[in-house]
Amino acid sequence: MSEIHHECLLIIDFGSQVTQLIARRLRELDVYCEIHPFQKVTDAFLQELAPRAIILSGGPASVIDEGSPRPPESVFQMNVPVLGICYGQQVMMQMLGGKVERGDGTAEFGRAYVTPTDTRIDLLTGWFMEQREQVWMSHGDHVAALAPGFEIYGTSPGAPFAVTADLDRRFYAVQFHPEVHHTPNGKTLLQNFIQDAGFTGDWTMAAYREEAVRQIREQVGDKQVICGLSGGVDSSVAAVLIHEAIGDQLTCVFVDHGLLRQAEADEVVTMFRDHYNIPLIHADEAELFLGELDGVSDPETKRKIIGRLFIDVFQKYANGIEGAEFLAQGTLYPDVIESVSFSGGPSVTIKSHHNVGGLPEKMGLKLIEPLRELFKDEVRALGMELGLPASFIGRHPFPGPGLAIRCPGEITREKLDILRKADAVYIDQIRKHGLYNDIWQAFVAILPVRTVGVMGDSRTYDFACALRAVTSVDGMTADYYPFTHDFLGETATRIINEVRGINRVTYDITSKPPGTIEWE
């Protein structure tokens with residue numbers, strides 16, 4: 001539960017794959033919200049959190065089945081607005097005296113259209129300007145009879161009660177998913193709901209920055225903090241925020257494993273040591289990492305070697321920092337949200353972050369995670385608030401194992417050098433054509449094959465490479481970016497002319513799924 005005190009909206013999670021999207025939409029509307037699994041939401045929990053409004057998420061279960069997930073009865077006795085979405089609508093009806101039935105031909109999956117039966121309701125302000133609204137449905141069961149006090153305000157072919165409400169109690173329920181972008185006007189509906197709940201929109205990055213600084217100072221006191229700096233956006237924003245709070249009590253340890261992009265290590269050192277004047281240890285351990293990776297081609301083995309060495313190296317340098325009692329990490333909110341499995345049991349999705357896995361326990365350190373309330377886009381907004389360069393904040397994601405997973409097969413210094421140069425040319429091309437911000441992630445992979453070519457009437461036998469560029473919202477799914485053939489031809493020519501060691505360039509047009517974004 002958050003220690004930062006804002007007007008809070010509680011999202012009770014019943015296991016929907018898109019519950020996080022509800023929170024993201026609300027945060028975009030400057031409303032602070034927390035996601036908690038239904039098992040955790042007890043009467044005591046509700047009393048302590050004291051939410052101003054509650055949203056019941058979708059989920060894979062059927063409310064008709066015995067033992068299906070339920071919120072506590074007290075949710076409906078708190079005198080706050082409640083919005084049920086999909087499964088949330090059905091559980092609300094079931095608990096308040098309505099009736100839910102199996103699909104029997106009324107199931108809806110995908111795009112559907114809701115038509116109004118009565119628009120005299122604030123929840124639907126801005127809706128039905130063209131008689132019907134496109135929405136995204138994903139339900140087998142449907143509400144067959146409304147609970148006492150509810151009226152119908154919208155219907156669809158498979159959901160006779162697509163929009164319902166009990167205006168006296170400020171209970172609202174929709175069968176569709178307003179949080180997904182396939183419901184184009186869904187954000188308006190959510191905005192209407194939070195306005196009805198009286199939220200003033202006090203969730204801003206300026207306010208978060210101020211309160212986070214205060215909390216860090218209270219937590220740390222006069223002790224020392226070490227931060228594992230990867231050079232990525234998350235750990236960098238965390239480091240700058242903590243430094244603003246405690247100054248030279250923070251020391252960053254930047255483990256350089258020799259698998260970074262061209263000039264990246266110098267950029268990180270310059271930005272933190274020179275521009276921000278943050279104490280920084282540049283642990284140049286490229287020889288150690290590349291030595292242990294020599295001859296290794298299996299991708300999982302590569303990852304394990306890099307992860308193990310990172311911890312060893314970080315601990316070696318951290319042990320030299322006298323009086324360190326805290327370890328700072330760039331953990332984000334999606335890393336700490338508990339999800340719910342289909343069977344109804346909790347399935348914690350907390351993951352090891354930034355390769356510092358078991359370090360806090362191993363080193364006897366306490367954790368500082370100043371970004372754990374934030375989504376990725378909010379971290380970027382906080383970085384801008386803190387004054388980090390826009391070019392740095394907007395960088396494409398870069399994997400922890402670095403170029404190791406963009407070099408299928410054995411890793412050699414020669415291949416890494418070729419890969420860095422080819423990648424730099426490719427990114428330069430993307431920037432020159434004004435495409436960088438349209439792309440989620442772009443990189444070059446050097447392939448573990450050599451091909452025959454002809455350059456200047458001479459035979460060559462050099463490496464082939466693959467260009468990769470994808471569009472995505474969150475990295476969970478992705479599609480390849482539709483470069484023009486002119487762009488690809490120009491880029492291939494530049495790489496072959498400017499990078500000695502490559503004589504063939506290909507473009508990867510695989511989506512995710514079935515492929516992954518990275519090659520390994």
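Reading the values: rules and limits
- Residues numbered from 1 in each chain as written.
- Predicted model: local features only at pLDDT ≥ 70, side-chain atom pairs only at ≥ 80, totals over all residues.
- Heavy atoms only, no water.
- Pairing = 2+ DSSP bridges.
- Helix = DSSP H or I, 4+ residues; strand = E, 2+ residues; numbered from the N terminus.
- Disulfide = S-S within 2.5 Å.
- Buried < 20%, exposed > 50% of the residue type's maximum accessible area, 1.4 Å probe, protein only.
- Arc of directions from axis to C-beta.
- Contact = heavy atoms within 4.5 Å.
- Axes fitted to C-alpha atoms, helices over the stretch in contact; angles between N-to-C directions.
- Salt bridge = Lys/Arg side-chain N within 4 Å of Asp/Glu carboxyl O.
- Left-handed = near helix turned anticlockwise from the far one by under 90°.
- Nonpolar A, V, L, I, M, F, W, Y, C, P; charged D, E, K, R; others polar.
- Parallel < 35°, antiparallel > 145°, perpendicular 65-115°, else oblique.

J.: Honestly, the pairing of strand β15 (residues 324–328) in this entry has me stumped. Any pointers?
T.: Two elements, strand β12 (residues 224–229) and β15, share four bridges in a ladder whose sense is parallel. Paired with C227 across the strands is A328, a residue of β15. Strand direction decides the pairing type here: β15 and strand β18 (residues 366–368), joined by three bridges, are parallel. Residue pairing for β18: A328 is matched across the bridge by I368.

J.: For this particular structure, what's the right way to read the state of the cysteines?
T.: Should the sulfur atoms of two cysteines be covalently bonded, the bond is a disulfide. Under the definition given, this model contains zero disulfides. Cysteine C227 is unpaired, with the sulfur of C252 as its nearest cysteine sulfur at 4.5 Å. Residue classification places C227 among the buried residues on the basis of a relative accessible area of 1%. No disulfide involves C465; its sulfur sits 12 Å from that of C407, the nearest cysteine.

J.: What's the story with helix α12 (residues 376–385) in this structure? I'm lost.
T.: Owing to its 3.6 residues per turn, the α-helix brings residues three or four apart onto one side. Among the residues of α12, those classed as buried are E378, V379, L382 and G383. Looking down the long axis of α12, one finds its buried residues gathered within 145° of arc, a one-sided arrangement. Contact partners of the buried residues in α12: α1 (19–28), α5 (205–220), α6 (233–246) and α13 (390–393). G387 sits one or two residues past α12 and shows a positive phi near 90°.

J.: When you look at unusual backbone geometry in this model, what are you seeing that I'm missing?
T.: One can expect most non-glycine residues to show negative phi and most peptide bonds to be in trans. The omega torsion of the bond from K512 to P513 falls at -10°, within 30 degrees of zero and hence cis. Tracing the chain through its elements places P513 in the segment after β22 (502–507). Of note, the amide linkage connecting P513 to P514 takes the cis form, showing an omega dihedral of 15°. With respect to the element layout, P514 can be found in the segment after β22. Even without being a glycine, N79 presents a positive backbone phi close to 60°. Backbone geometry places R170, a non-glycine residue, at a positive phi of 55°. Relative to the helices and strands, R170 resides in the loop between β10 (159–166) and β11 (171–174).

J.: For this particular structure, what's the right way to read the sheet that holds strand β14 (residues 280–284)?
T.: The pairing of strands in a sheet happens through backbone hydrogen bonds and is either parallel or antiparallel. One open sheet holds the five strands; their spatial order is β14-β13-β12-β15-β18, and the pairing between them is parallel. The strands lining the two open edges of the sheet, one partner per strand, are β14 and β18. Averaged over all adjacent pairs, the angle separating strand axes in this sheet is 30°, with direction ignored. Packing of α6 onto the sheet brings it into contact with β12, β13 (250–256), β15 and β18, and relative to β12 it is tilted by some 160°.

J.: What am I meant to see in the pattern of salt bridges here?
T.: Opposite charge on two side chains makes pairing possible when the charged atoms of those side chains draw close. A full pass over the atoms with the stated rule returns 28 salt bridges. R52 is the partner of E7 in a salt bridge, and the nearest nitrogen-oxygen pair spans 3.0 Å. You can see E7 sitting in the segment before β1 (8–13) and its partner R52 sitting in the loop between α2 (43–49) and β3 (53–56), a full 45 residues away along the chain. Close ionic contact of R308 with E292 constitutes a salt bridge, the shortest N to O distance being 2.8 Å. Of the two residues, R308 is situated in helix α9 (residues 299–318) and E292 in helix α8 (residues 286–293); the sequence distance between them amounts to 16 residues.

J.: So what exactly am I meant to see when it comes to the packing of helix α14 (residues 413–432) against helix α15 (residues 485–498) here?
T.: A pair of packed helices is captured by two measures, namely the crossing angle of their axes and the spacing between those axes. Packing of α14 against α15 brings their axes to within 10 Å, and their N-to-C directions diverge by 145°. Here the hand of the crossing between α14 and α15 comes out right-handed. Across from A422, V425, Y426, D428, Q429, I430 and K432 in α14, the residues of α15 making contact are F487, E490, T491, R494, I495 and E498. Partitioning the contact of α14 with α15 into residue classes produces six nonpolar, two polar and five charged.

J.: I would appreciate a short explanation of the environment of I281 in the present structure.
T.: Mapped onto the elements, I281 comes out in strand β14. Considering only alpha carbons, one finds I281 and E133, 148 residues apart in sequence, at a separation of 56 Å. If near-sequence neighbours (up to four positions away) are discounted, I281 is found in contact with T251, C252, V253, F254, R273, Y317 and I321.

J.: Explain the packing of α6 against α12 to me, please; I cannot follow it from the model alone.
T.: Where α6 contacts α12, the two axes come as close as 10 Å, and the packing angle between them is 45°. Looking at the two axes, α6 sits oblique to α12. Taken as a pair, α6 and α12 cross one another with a handedness that is left-handed. Facing V233, D234, V237 and L241 of α6, the residues of α12 in contact are K376, V379, R380, L382 and G383. Along the lines of polarity and charge, the residues of the contact of α6 with α12 split into five nonpolar, one polar and three charged.

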